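Okay, here's what each chain looks like letter by letter:
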Amino acid sequence: MIAGGLALAPAGAFVLAALALFVIDAFSPGKTSGGVLAGVSAFGAVGALAASGVFLLSGAASGGIELFGGQLVVDGMSLLFTFIFGSVTALVAVASFDYVREMPHRAEYYMLILLAATGMSLMASANSLAVAFVSLELASLPSYALVAYLKGNRGSVEGGLKYFLIGALSSAILVYGISLVYASTGSLLLSDVADAAGEAAATYPGVFGTGVLMIIGGLAFKTASVPFHFWAPDAYEGAPAPVSAFLSSASKAAGFVLAFRILLVGFPIQSVVGAIDWVLVFQILAVLTMTIGNFAAATQERVKRMLAYSSIGHAGYVLIGLAALTGVGGASAGATVLGASMLHLLVYGFMNTGAFLFVALVEHWEIGRTFEDYNGLARQAPLACVAMTVFMFSLAGLPVGGGFVSKYYLFAGAVGAGVWWLALVGAINSALSLYYYSRVVKAMWIEEPIEGRTIAHYPTALYAAVLTAAVVTVFLLPGLVVFDGAAFDAAAALL
Amino acid sequence: MSNPWIAVGALALVGLAIPLSMIAISSLLRPSVPEQGKRAVYESGEVPTGDTRIRFNIQYYMVALLFVVFDVETVLIFPWALIYSDAVAEFGLGPVLGPMLVFLAILVIGLGWAWRTGAVRWVKSERAEIKTQL
Amino acid sequence: MVLETVPVEYYMVLSAAVFCAGLFGVLTRRNALLFLMSVELLLNAANINLVVFAFYWGEITGQVFALFVIAIAAAEVAIGIGIILVLQRNFGDVDVTDATTLRW
């Protein structure tokens, strides 16, 4: 066991790094070197990563440590997700060194990333609806500003505006849902809500059911699931590419961890099924999200927008984890499929971040956004293109990276839990996704290079981040077993 | 016990009746003398210039923004202040005062940063510079 | 106390009405500033519920949470106004339907 305060060390690393940046930047505003800023951010993120990794794999918090009267809880799931946030933030911080090198307000950029990461790690630990809302806003508000970071770029501002408009609306819906749940159960603490949920669902099914449905809506926004996915393509395309990487990997994982905790701890399906059958809701959402995301991705002409839609599709795969909790096959089947969702988010954190960082590299070279602009890129930047190929095939689920293992667990788990048709829809969508992912690979390796395109220099930090993500993605193919036990235990502890 | 809504309804009725009757009675009693001077905007004796829809200096925006954020933070201090003495008696000074000091320290770091980066620095326009020199 | 005699359903109807007014504003207004005001209505509808049911259940969690919601609403407005300002600078208007450079 670890002492109470120490359990918050991962979140504390993010906070301290953010506050350190405020102090550092106050000494010579706007003139701090990018290396210092990126270094402090990466240091904080690696600190969070290391602390959560050590706690997770040593089993120090396996029983769950409750803090502040049960408002926060540090357990296997929160540590696993903080590990994801730490790794994504570290990759993005390193990659941003090159990306924002010439831009004004660099310090603010890193501060916002670290503050958003703080919010995400608190979302992973939130054990009451109040903390859930506050930490979700702490993660969202910096994200809006980050998407609109390129103040003079119309796409960036438009993406930020749409993200903000839909985000403000869905957070208002979330908080109204919370108020309805509070009205019918009389508590905001998830364990107390669960105790009162059965009675509330029987006495006030309308109020309680509407509240739960509105909370699910608010969470669907954060995970970019249908029907609150409209912001995602525009925000991801308009945002600076490292920010897209950060949002589509870390922010999505944060939405999911909150959804897992609130639904499984706060609204156990067996006691609320009378008012709202949220497993059914998630079955519908999962199928819609997978299908819409993948079909829309297949029709895109621009690589970044294709990745944005594919990120919606992946949210659909992860939703299977909640949609398969039908009770068929017992608790162990449920734990398998839920743990598989968590593992998929872990792998996704590396492969998707890497893919968006490759797009950042291309944006840095200013060679265009469409598939055609990528033609023959492998002749000029072979190393980066090998990495991108790994990301693409791993995202599609081919056995070159960890994406294969986590998808296999996910679909096998769904079959084990008696929802074979969800696994079937997922497999069909994966096959479709291979089409549009391989378009990128084909453009890079097979098509003839564009005449007259020159690449002046190869940014070291961006390359380092992309290659690290690729190496970890490949390593996770055999290496996912390291996290297997932790994820399945974390899932079993929730059910 | 009588229905409490009767009192609410009576209050609403009286609240409407008083201003309406005042307007009605005064319009019956007062003499009507239309005159141009009565229609003019009164601006502390000054002759009014321009209309009300002017553009405010954009620099007020930063001040307003900082005000909104820091003003609302005080709302989180009120409940703490309300239970402060009882809580100190029960838990001791440290656990009660400490978290609030951390909260305020974070706010001070933010304010200090905003100050240093020039969020509250007032940039004078050239015209204002000339005015002060005269 | 009035609250003991006014049924709690009335307050729920009030908050639902405020919520619907806000939702109507969000869906129909094209001016970004009016959108922000409508979102404030949505949040305050939730606040009504929280405060009323804090009293109903005889505890103060809901009231304290309402204070947090107020604080977050202010932060949200601060960010929103900033984004609307850059919207005005790039598109010359605060009409949210003007920003349409990104499509499908």
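Residues numbered from 1 in each chain as written. Chains lettered and ligands numbered in written order. Predicted model: local features only at pLDDT ≥ 70, side-chain atom pairs only at ≥ 80, totals over all residues.

**Focus: the overall build of chain B**
So, step 1. Broken down by element type, chain B carries 6 helices and 0 strands.
So, step 2. Helices and strands in chain B line up, N terminus first, as α-α-α-α-α-α.
So, step 3. Buried residues in chain B amount to 1% of all 134 residues. (Helix = DSSP H or I, 4+ residues; strand = E, 2+ residues; numbered from the N terminus. Buried ≥ 20, exposed ≤ 12 C-beta atoms within 10 Å, placed from the backbone.)

**What about the interface of chain B and chain C?**
So, step 1. Each partner contributes to the interface: chain B provides 9 residues, whereas chain C provides 11 residues.
So, step 2. Tallied by class, the residues present in the side of chain B that touches chain C amount to 8 nonpolar, no polar and 1 charged. (Contact = placed C-beta atoms within 7 Å. Nonpolar A, V, L, I, M, F, W, Y, C, P; charged D, E, K, R; others polar.)

**Description of unusual backbone geometry**
All names here are of chain A.
So, step 1. Between Val226 and Pro227 the backbone carries a cis peptide bond, its omega angle lying at 5°.
So, step 2. Mapped onto the elements of the fold, Pro227 is located in the loop between α8 (205-222) and α9 (231-238).
So, step 3. The phi angle at Ala224 is positive, at roughly 55°, despite the residue not being glycine.
So, step 4. For Ala224, a count of 28 C-beta atoms within 10 Å puts it in the buried group.
So, step 5. Unusually for a residue other than glycine, Glu366 sits at a positive phi of about 55°.
So, step 6. Looking at the secondary structure, you find Glu366 in the loop between α14 (330-365) and α15 (377-380).
So, step 7. The class of Glu366 is exposed, set by 8 C-beta atoms lying within 10 Å.

**What to know about the interface of chain C and chain A**
So, step 1. With 31 residues of chain C at the interface, the matching set in chain A holds 32 residues.
So, step 2. Sort the elements by how many residues they give to the side of chain C that touches chain A and helix α4 (residues 61-91) of chain C lands first, with 15 residues.
So, step 3. Residues that form the side of chain C that touches chain A fall into these classes: 23 nonpolar, 7 polar and 1 charged.

**Considerations on the nonpolar core**
So, step 1. Leu80, Ile113, Met123, Ile320, Leu357 and Phe358 of chain A are the most contacted members of the largest nonpolar core, which totals 249 residues.
So, step 2. At 22 residues, α14 of chain A tops the list of elements feeding residues into this core. (Core = buried A, V, L, I, M, F, W, Y, C linked by C-beta atoms within 7 Å.)

**Here's the deal with helix α3 (residues 76-99) of chain A**
So, step 1. For α3 of chain A, built from 24 residues, the straight-helix expectation of 34 Å at 1.5 Å per residue is met to within 8% by its first-to-last C-alpha distance of 34 Å.
So, step 2. Counting buried residues in α3 of chain A gives 24 out of 24 residues, a clear majority hidden from the surface. (Expected span 1.5 Å × (residues − 1).)

**Details of the packing of α14 of chain A against helix α19 (residues 460-479) of chain A**
Residue and element names in this part refer to chain A.
So, step 1. For the pair α14 and α19, interaxial distance at closest approach is 9 Å and the crossing angle is 150°. The angle between α14 and α19 falls in the class roughly antiparallel. Along this stretch, α14 crosses α19, giving a crossing that reads as left-handed. Only Leu462, Ala465, Val466, Ala469, Ala470, Val472, Thr473 and Leu476 of α19 make contact with α14, whose side of the interface consists of Val347, Phe350, Met351, Thr353, Gly354, Leu357, Phe358, Ala360, Leu361 and His364. (Axes fitted to C-alpha atoms, helices over the stretch in contact; angles between N-to-C directions. Parallel < 35°, antiparallel > 145°, perpendicular 65-115°, else oblique. Left-handed = near helix turned anticlockwise from the far one by under 90°.)

**Observations regarding the confidence of the model for chain B**
Regions with low pLDDT carry predicted coordinates that are not meant to be interpreted in detail.
So, step 1. Here chain B averages 83 in pLDDT, while 90% of its residues score no lower than 70.
So, step 2. Of all secondary-structure elements in chain B, the lowest mean pLDDT belongs to helix α6 (residues 126-133) of chain B, at 65, while helix α1 (residues 4-29) of chain B reaches the highest, 92. (pLDDT = per-residue confidence, 0-100.)

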